[in-house]
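Single-letter residue listing:
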There are 2 protein chains.
Amino acid sequence: MTVSSIDQRVSLAVSTVIFALRPHPESGLMTLWLPLVRRIREPYEGMWALPGGPLEADEDLVASAQHTLERTTGLAPHYLEQLYAFGRVDRSPDDRVVSIVYWALVRQEEVARAVDGENVEWFVADDLPQLAFDHAQIVDYALARLRAKITYTPIAHAFLPPEFTLADLRAVHEAVLRTTLDPANFRRQALGTKTLVPTGTCLQGTSHRPPALFRFEAGAPSPAPEEHR
Amino acid sequence: MTVSSIDQRVSLAVSTVIFALRPHPESGLMTLWLPLVRRIREPYEGMWALPGGPLEADEDLVASAQHTLERTTGLAPHYLEQLYAFGRVDRSPDDRVVSIVYWALVRQEEVARAVDGENVEWFVADDLPQLAFDHAQIVDYALARLRAKITYTPIAHAFLPPEFTLADLRAVHEAVLRTTLDPANFRRQALGTKTLVPTGTCLQGTSHRPPALFRFEAGAPSPAPEEHR
DNA sequence: TCAAAAGTGTTGGCACTACACCCATGT
DNA sequence: ACATGGGTGTAGTGCCAACACTTTTGA
């Protein structure tokens, strides 16, 4: 086997799968969306890809993901977690790239519309165009992780403003999991986690009984290392 | 901020936390052990560290972990999974290293004793010496992951020979989780997973009723990407 | 008064724990 | 016979889905 003239070094990139909730263009139902970036050079020029970039030598992994997020959406994430490191030799033609991928949750209302311009566009997460590299597989895995994790950890609040009703919270779960949930049982289960604190106030002007407002209270931190932002 | 003369590139390493079961030297109870490698150069020269090495340009991540495993224990893993990518800027003095860490389960009987020589030594996982870099934190996280995962996925068989009794399987769980488990309930729960197939034969010569032998049957594969060895 | 969602109560099923009990072997 | 773990049965408990029902608002 001959040593080709190709760069022998392995380069390291950090990419981020960014999720937000927004109504589906057809059905109008709340759905997961994510921003993609159009590639402006080979390989895969013109195709859509996950936002990201090379890891700088003086930059933590999380910091790199946060910078990508800031560049892509103009905001700081409400939730950010490492997803997986992808490193198959052939995942990029010509050169060798290992990507450490993060996933993030943001609030759609906060996304600066200005950024959504030239090379950034939001897509329905379950109906994406063809993606560059192995990014389709990565998104699938991120989706699976999000859907699994929302059922056993309180991350749904990352999609919501500081104060919200239980109906809001339930709507997030329903959108992410693409199901309907029993309001009564959801309420009990949500309150059972001890992560919700009633603000004492109610939401007014609802054409029905005013729902109580809650705030999220951080419980025991997850055992994941290094993510102490 | 001045650019120092230090290498500006980020280097990428793959390390592996290798677990095996072996009796505790004092209590005699089955316990988790893992092999460490003595560092033969700075930084942390003379200290114990996780086995691993730089990622070769033509090598998959899993392959790299497998090579480390082969080098350290002389065998192929029965279970291998990516743990996490550790990349804090200051985790190594002087240079910048991102480590993608795997964890593996092996059978103690298979470990080639010859390898356990010069710079490799096995330690009780819950009673380690001071480790180089952030490796103590890494081991803690690997232990947590193993103990969590053994409760909801059938990985215990990776410590066992192809055929085993339910008592063997239970002993593995008890050793990993450091508890005792009710034999009757453990049996039902284990059989409930539908991953155990009775071989039809029984283990003879036990001074009591001969226990049935089982074989592990792979169920639905996990949704983790890329680990299709 | 009515519609609509908030919030509470009730019931049946399922899973898991604890523990009693019988079974099959070697000594 | 008896000690030892293998293996089965069973009652109690707690969680969860389903769904009936009451409450509180705006229109």
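The notes below deal with the structure included here. Quick caveat, the model's predicted, so the values are computed rather than measured. (Residues numbered from 1 in each chain as written. Chains lettered and ligands numbered in written order. Predicted model: local features only at pLDDT ≥ 70, side-chain atom pairs only at ≥ 80, totals over all residues. Heavy atoms only, no water.)

1. As for the packing of helix α3 (residues 166-177) of chain A against helix α4 (residues 183-192) of chain A
When two helices pack together, their arrangement is given by the angle between their axes and by how far apart the axes lie. All names here are of chain A. Quick reminder of the rule: A fitted line through C-alpha atoms represents every axis, and for helices the fit uses only the stretch in contact; the resulting angles, taken between N-to-C directions, go from 0 to 180 degrees. Each helix is a run of DSSP H or I of at least 4 residues and each strand a run of E of at least 2, with the numbering of both proceeding from the N terminus. Each angle gets one of four labels, with under 35 degrees taken as roughly parallel, over 145 as roughly antiparallel, 65 to 115 as roughly perpendicular, and the rest as oblique. Working rule for contacts: check all heavy atoms of both residues, and any pair within 4.5 Å makes them a contact. In this classification, Asp, Glu, Lys and Arg are treated as charged, Ala, Val, Leu, Ile, Met, Phe, Trp, Tyr, Cys and Pro as nonpolar, and every other residue, Gly included, as polar.
Running from N to C, α3 and α4 point in directions that differ by 100°, and their axes come no closer than 10 Å. The angle between α3 and α4 falls in the class roughly perpendicular. Along its contact with α3, which presents Leu166, Leu169, Arg170 and His173, the element α4 presents Pro183, Phe186, Arg187, Ala190 and Leu191. Class assignment for the residues of the contact of α3 with α4 results in 6 nonpolar, 1 polar and 2 charged.

2. Notes on the side chain of Lys149 of chain B
Residue and element names in this part refer to chain B. The following threshold applies: Relative accessible area decides the class of each residue, using a 1.4 Å probe on protein chains only: under 20% of the type maximum gives buried, over 50% gives exposed, and in between gives partly exposed.
Mapped onto the elements of the fold, Lys149 is located in helix α2 (residues 135-152). On the basis of relative accessible area, Lys149 is assigned to the buried category, the value being 14%. Aside from chain neighbours lying at most four places away, what touches Lys149 is Tyr79, Glu81, Trp103 and Ile155.

3. Thoughts on the pattern of salt bridges
Residue and element names in this part refer to chain A. The test is simple: Basic side-chain nitrogens of Lys or Arg form a salt bridge, by our definition, when they fall within 4 Å of a carboxyl oxygen of Asp or Glu.
Applying the stated criterion across every chain yields a total of 18 salt bridges over all chains. One salt bridge in this structure joins Arg145 and Glu81, with 3.2 Å as the shortest N-O distance. Of this pair, Arg145 sits in helix α2 (residues 135-152) while Glu81 sits in strand β5 (residues 79-86), and the two are 64 residues apart along the sequence. A salt bridge links Glu163 to Arg215; its shortest N-O distance comes to 2.7 Å. Of this pair, Glu163 sits in strand β8 (residues 163-164) while Arg215 sits in strand β10 (residues 212-216), and the two are 52 residues apart along the sequence. Looking at Glu163, the relative accessible area reads 31%, which means it is partly exposed. Connected through shared salt-bridge partners, Glu81, Arg145 and Lys149 make up one network.

4. Section: the relation of the copies chain A and chain B
We count it as follows: In this comparison the copies share one frame, found by least squares on the C-alpha atoms of residues holding pLDDT of at least 70 in both.
Rotating chain A by 180° and moving it 0.0 Å along the rotation axis overlays it on chain B with an RMSD of 0.0 Å. The transformation just described matches what one would write down for a two-fold rotation axis. Mapped onto chain B, 97% of the interface residues of chain A again fall at the interface, so both copies present the same surface.

5. Quick notes on the protein's contact with DNA strand C
For clarity, the threshold we go by: Being near a molecule or strand, for a residue, means having at least one of its heavy atoms within 4 Å of it. In protein, a polar contact means a hydrogen-donor-capable atom and an acceptor-capable atom, both N or O and within 3.5 Å, with residues adjacent in sequence counting only if both atoms are side-chain atoms; elsewhere, any N or O pair within 3.5 Å suffices.
Lining the immediate environment of DNA strand C, one finds 17 residues, of which Arg187 and Arg188 of chain A together with Asn185, Ser207 and His208 of chain B sit closest. Here the atoms of DNA strand C within 4 Å of the protein split so that 59% fall in sugar or phosphate, with bases taking the remainder. Here a sugar or linking oxygen of DNA strand C and a side-chain polar atom of His208 of chain A are 3.3 Å apart. In this structure, a base oxygen belonging to DNA strand C sits 3.4 Å away from a main-chain N or O atom of Ser207 of chain B. Elements with a minimum of two residues in the surface near DNA strand C: α3 and α4 of chain A together with α4 (183-192) of chain B. For the surface near DNA strand C, the residue count by class is 6 nonpolar, 4 polar and 7 charged.

6. Considerations on the protein's contact with DNA strand D
Taken together, the neighbourhood of DNA strand D is formed by 18 residues, with Asn185, His208 and Arg209 of chain A together with Arg187 and His208 of chain B sitting nearest. Taken together, the sugar and phosphate atoms account for 58% of what DNA strand D places within 4 Å of the protein. A distance of 3.2 Å separates a base nitrogen of DNA strand D from a polar side-chain atom of Arg188 of chain A. Between Arg209 of chain A and DNA strand D, the recorded distance is 3.1 Å, taken from a side-chain N or O atom to a base oxygen. Of all elements in the fold, only α4 of chain A together with α3 (166-177) and α4 of chain B reach the threshold of two or more residues within the surface near DNA strand D. Among the residues forming the surface near DNA strand D, the class breakdown is 6 nonpolar, 5 polar and 7 charged.

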